[in-house]
Each structure stands twice: as C-alpha cells, then as structure tokens.
Amino acid sequence: MEITMIAGGVVSLSGSLFLLLGALGVVRMPDLFNRIQAGTKATTLGTMLFLAGIAIAEPSWIPKLLLLILFIIFTNPVSSHVLARSAHHTGIRMSDKTVVDHLAKTTEQRGSESLQGDEQEIAAAKSKGGER
Amino acid sequence: MGNMLFLASALIALVALGVSAIRFFRGPDTLDRVVAFDVITIISISLIAIIGFIMQRSVLIDVALVYALLSFLGVIIIAKYVERGL
C-alpha cells in the first residue's frame with residue numbers, strides 16, 4: 001500500500017516537472033510556433049505521467065484515468081495543429097532564426113514544382129546563420 | 001510520505017499554472033493568449049485529478065474529463081474564428 005503510494009508519487013512528481021518545463025517554454029520561446037511546440041508536447045507528456053502516477057497509487061480508478069489519458073493523447077495534437085494552421089494563415093511573423101517554411105512554398109507553387117532544392121537552401125541558410 | 005509527494009507535485013503544477021498565466025496576460029497577439037489558455041487548461045486537468053485523489057472523490061475525474069472536452073472545443077472554435085470568422 002505504502003510502496004504504491006511512493007511509486008505513484010515519484011511518477012507524478014516527474015510529470016509535474018514536465019508541466020513546469022512546458023509552461024516555461026510557453027513564456028520564454030521567441031515565436032508563436034515555438035510556443036505551440038513547447039506548450040503542446042511537454043504538457044502532453046506531463047499530463048500523461050501525472051495521471052499515470054495517480055493510476056499507480058489508486059488502481060480502482062484505472063479505467064477512467066485511461067479514458068482521460070487517451071482523450072488527451074488524441075485531442076492535444078489536433079488543437080496544436082489547428083492553432084498553427086490558423087497562425088500561418090493569418091500571417092503571423094516567424095522569428096529571425098527560421099530556416100525554411102514549407103507551407104508558404106507549397107501554397108505559392110501549388111505543387112507545380114517539386115521541393116528538390118530544399119537541402120541546398122537549408123545548408124545556405126545555416127551557413128548564413130553561422131556567420132551572424 | 002507518499003501523500004507528501006503528491007502534494008509537492010500539485011504545488012509544482014500550481015507554479016506552472018502561474019508561469020503560463022504570465023504569457024496569457026502579456027501575449028502580444030490573440031493566438032499567443034490562446035496557446036497560453038490551452039496550456040492552462042491542460043495543467044488544470046491534472047490539478048483537478050490530483051485534488052480528487054487527495055480528497056478521495058472519484059467524481060472529480062469525470063469533471064476533469066468534461067473539462068478536457070470543453071477546453072478542446074473552445075480552442076478549436078477560437079482558432080477557426082481567428083482564421084476566417086465564424
């Protein structure tokens with residue numbers, strides 16, 4: 001009884017550390033798209049670990065907690081994708097360190113040309129950023 | 001001992017809630033605030049679940065499930081509204 005409480009508490013504590021890291025990323029990232037990345041990925045893992053810790057400590061709640069974890073796994077990437085798409089279509093500026101933007105290029109070209117020259121472009125942008 | 005660990009993790013999640021509220025109040029754009037709102041609701045789901053565990057009320061897990069559903073719908077609707085109007 002006590003050992004499951006301690007094990008669940010340790011798992012839950014690590015999940016809360018991931019939640020704190022995600023919140024710090026939302027505050028400190030330079031760009032809206034970076035904020036979406038930090039805020040979604042880290043908090044998904046953090047919530048999963050948090051609820052798994054509760055499930056270890058209280059085994060009779062496992063079905064409901066499993067339902068909650070599955071719901072968060074399915075809906076969190078969807079909301080982040082919708083946010084990023086809406087931000088890109090309303091023309092929010094990326095940060096200065098952005099190397100390549102595939103979505104703007106594909107909507108410009110309408111798929112008429114293939115995306116062959118990307119490797120050279122990325123290498124050129126990286127060397128330019130290295131000089132800066 | 002085990003209960004202290006759960007209390008400490010609830011406290012850290014509360015600190016994370018406050019930290020992401022900084023971005024919610026400071027965000028220069030509407031979508032920055034929506035991202036901060038998304039993070040705040042996800043952290044709140046964990047907090048509701050752990051409050052239910054500490055108080056030993058399993059009803060609060062259902063509350064967390066409904067809260068997750070409503071926050072997902074809210075984020076989707078606000079993003080659609082910002083993109084091209086309702």
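Just above sits the structure.
Residues numbered from 1 in each chain as written. Chains lettered and ligands numbered in written order. Predicted model: local features only at pLDDT ≥ 70, side-chain atom pairs only at ≥ 80, totals over all residues. Heavy atoms only, no water.

I'd like a description of the environment of Ala13(B), backed by residues and values.
By the secondary structure assignment, Ala13(B) is in helix H1 (residues 2-26). Assessed through its relative accessible area of 0%, Ala13(B) is described here as buried. With 33 residues separating them along the chain, Ala13(B) and Ser46(B) place their C-alpha atoms 7.9 Å apart. Here Ala13(B) is in contact with Ser16(A), Leu19(A), Phe50(A), Ile43(B) and Leu47(B), once residues within four sequence places are set aside. (Helix = DSSP H or I, 4+ residues; strand = E, 2+ residues; numbered from the N terminus. Buried < 20%, exposed > 50% of the residue type's maximum accessible area, 1.4 Å probe, protein only. Contact = heavy atoms within 4.5 Å.)

Tell me what's going on with the packing of helix H3 (residues 62-89) of chain A against helix H2 (residues 30-55) of chain B, and back it up with residues and numbers.
Two numbers describe how H3(A) lies on H2(B): the axes approach to 11 Å, and their chain directions differ by 175 degrees. For the element pair H3(A) / H2(B), the angle class is roughly antiparallel. On H2(B), the residues touching Leu68(A), Ile72(A), Asn76(A), Ser79(A), Leu83(A), Ser86(A) and Ala87(A) of H3(A) are Leu31(B), Val34(B), Val35(B), Asp38(B), Ile42(B) and Ile45(B). Broken down by class, the residue content of the contact of H3(A) with H2(B) amounts to 9 nonpolar, 3 polar and 1 charged. (Axes fitted to C-alpha atoms, helices over the stretch in contact; angles between N-to-C directions. Parallel < 35°, antiparallel > 145°, perpendicular 65-115°, else oblique. Nonpolar A, V, L, I, M, F, W, Y, C, P; charged D, E, K, R; others polar.)

So what's going on with the packing of aromatic side chains? Which residues, and what values?
Inspection of every chain in the model, using the stated rule, returns 3 aromatic pairs over all chains. Judged by centre distance (5.7 Å) and plane angle (75 degrees), the rings of Phe24(B) and Phe25(B) are edge-to-face. Here Phe24(B) falls in the partly exposed class, since its relative accessible area comes to 28%. Three or more aromatic residues joined by ring pairs make a cluster, and in this case those are Trp61(A), Phe6(B) and Phe53(B). (Phe/Tyr/Trp six-rings, centres within 6.5 Å; stacked < 30°, edge-to-face > 60°.)

Got a sec to walk through the interface of chain A and chain B? Specific residues and values, please.
Counting residues at the interface gives 48 residues for chain A and 47 residues for chain B. Where chain A touches chain B, the interface holds 3 salt bridges. With a shortest N-O distance of 3.5 Å, Arg85(A) and Glu83(B) are connected by a salt bridge. Inspection of the chain A/chain B interface yields 9 residue pairs in polar contact (both at pLDDT 80 or more). Among the elements of the structure, helix H1 (2-28), helix H2 (32-57) and H3 of chain A are those that each provide at least two residues to the side of chain A that touches chain B. (Salt bridge = Lys/Arg side-chain N within 4 Å of Asp/Glu carboxyl O. Polar contact = N/O pair within 3.5 Å; in protein donor to acceptor, adjacent residues only side chain to side chain.)

For the packing of H2(A) against H2(B), give the residues involved together with the corresponding values.
Where H2(A) meets H2(B), the axes come as close as 10 Å, and the angle between the chain directions of the two elements is 5 degrees. Classed by the angle they form, the pair H2(A) and H2(B) counts as roughly parallel. Taken together, the residues of H2(B) that come into contact with H2(A) (itself represented by Leu32(A), Arg35(A), Ile36(A), Gly39(A), Thr43(A), Thr47(A), Phe50(A), Leu51(A), Ile54(A) and Ala57(A)) are Leu31(B), Asp32(B), Val35(B), Val39(B), Ile42(B), Ser46(B), Ala49(B), Ile50(B) and Phe53(B). When grouped by side-chain class, the residues that make up the contact of H2(A) with H2(B) number 13 nonpolar, 4 polar and 2 charged.

Residue-level account of the pattern of salt bridges, with values.
According to the stated counting rule, one finds 3 salt bridges over all chains in the structure shown. Where Arg35(A) meets Asp32(B), a salt bridge forms, and the shortest distance between an N and an O atom there is 2.4 Å. Residue Arg35(A) is located in helix H2, and its partner Asp32(B) is located in helix H2; the two belong to separate chains. Judged on exposure class, the residue Arg35(A) and its partner Asp32(B) are both buried.

For H1(B), give the residues involved together with the corresponding values.
Taking 1.5 Å per residue as the helical rise, H1(B) with its 25 residues ought to reach 36 Å, and the 37 Å between its terminal C-alpha atoms agrees with that figure. For H1(B), the full list of buried residues reads Gly2(B), Leu5(B), Phe6(B), Ser9(B), Ala10(B), Ala13(B), Ala16(B), Val19(B), Ser20(B), Ala21(B) and Arg23(B). Looking at the buried positions of H1(B), the neighbouring elements they touch are H1 and H2 of chain A together with H2 of chain B. (Expected span 1.5 Å × (residues − 1).)

Residues and numbers for the nonpolar core, please.
Core analysis: the biggest nonpolar cluster contains 30 residues, and Leu51(A), Ile54(A), Leu65(A), Leu68(A), Phe6(B), Ile50(B) and Phe53(B) have the highest contact counts within it. Going through the elements one at a time, H1, H2 and H3 of chain A together with H1, H2 and helix H3 (59-84) of chain B are the ones with two or more residues in this core. Counting residues per element, this core draws most heavily on H2(B), at 7 residues. Ignoring anything within four residues of it in the chain, the contact list for Phe53(B) reads Met5(A), Ile54(A), Ala57(A), Glu58(A), Trp61(A) and Phe6(B). Core analysis: the next-biggest nonpolar cluster, separate from the first, contains 14 residues, Phe33(A), Ile36(A), Ala87(A) and Ile76(B) among them. (Core = buried A, V, L, I, M, F, W, Y, C linked by side-chain atoms within 4.5 Å.)

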